[in-house]
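Residue-level listing of the chains:
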Amino acid sequence: MPAGEPPSTQVALERAMVSRAGTEFLVNMTVETRLDVRLGYMDECILVEGEARRRLAP
């Protein structure tokens, strides 16, 4: 029986953005889905990695 909602790429991106204060966008970004299957359950996660950036003031 499912333990919860499946992971969301949009939520993973939002969490990556707020994990570093002042981030406005990410560069050199990768998005990876991982699936861990063990006896009796399956765990899926989305990993987002990138360089946090913000726009330069005009």
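Quantities reported herein were computed from a predicted structural model and do not represent experimental measurements.

Reading the values: rules and limits
- Residues numbered from 1 in each chain as written.
- Predicted model: local features only at pLDDT ≥ 70, side-chain atom pairs only at ≥ 80, totals over all residues.
- Heavy atoms only, no water.
- Pairing = 2+ DSSP bridges.
- Helix = DSSP H or I, 4+ residues; strand = E, 2+ residues; numbered from the N terminus.
- Patch = residues over 30% accessible without salt bridge, like charges linked within 9 Å, V, L, I, M, F, W, Y side chains within 5 Å.
- Areas by Shrake-Rupley, 256 points an atom, 1.4 Å probe, with all protein chains shown as cover.
- Salt bridge = Lys/Arg side-chain N within 4 Å of Asp/Glu carboxyl O.
- Buried < 20%, exposed > 50% of the residue type's maximum accessible area, 1.4 Å probe, protein only.

**Student:** Got a minute to help me understand the pairing of strand β2 (residues 41-53) in this structure?
**Tutor:** The side chains of a regular strand alternate between the sheet's two faces. Sheet topology note: the strand β1 (residues 25-38)/β2 ladder contains twelve bridges and is antiparallel. Bridge pairing in β2 links leucine 26 to alanine 52. Connecting the antiparallel pair β1 and β2 is a turn made up of two residues, with glycine 40 showing a positive phi of about 95°.

**Student:** I'm lost on unusual backbone geometry in this one. Help?
**Tutor:** Leave glycine aside and you will find that most residues have negative phi; peptide bonds, for their part, are mostly trans. The backbone phi angle of asparagine 28 is positive, close to 50°, even though this residue is not glycine. If you trace the backbone, asparagine 28 turns up in strand β1.

**Student:** In this structure, what is going on with a nonpolar patch on the surface? I would like to understand it.
**Tutor:** A surface patch of nonpolar side chains, amounting to about 330 Å² of accessible area, comprises Leu35, Val37 and Met42. With respect to the secondary-structure elements, leucine 35 resides in strand β1. Leucine 35 gets classed as exposed once you look at its relative accessible area, which sits at 53%.

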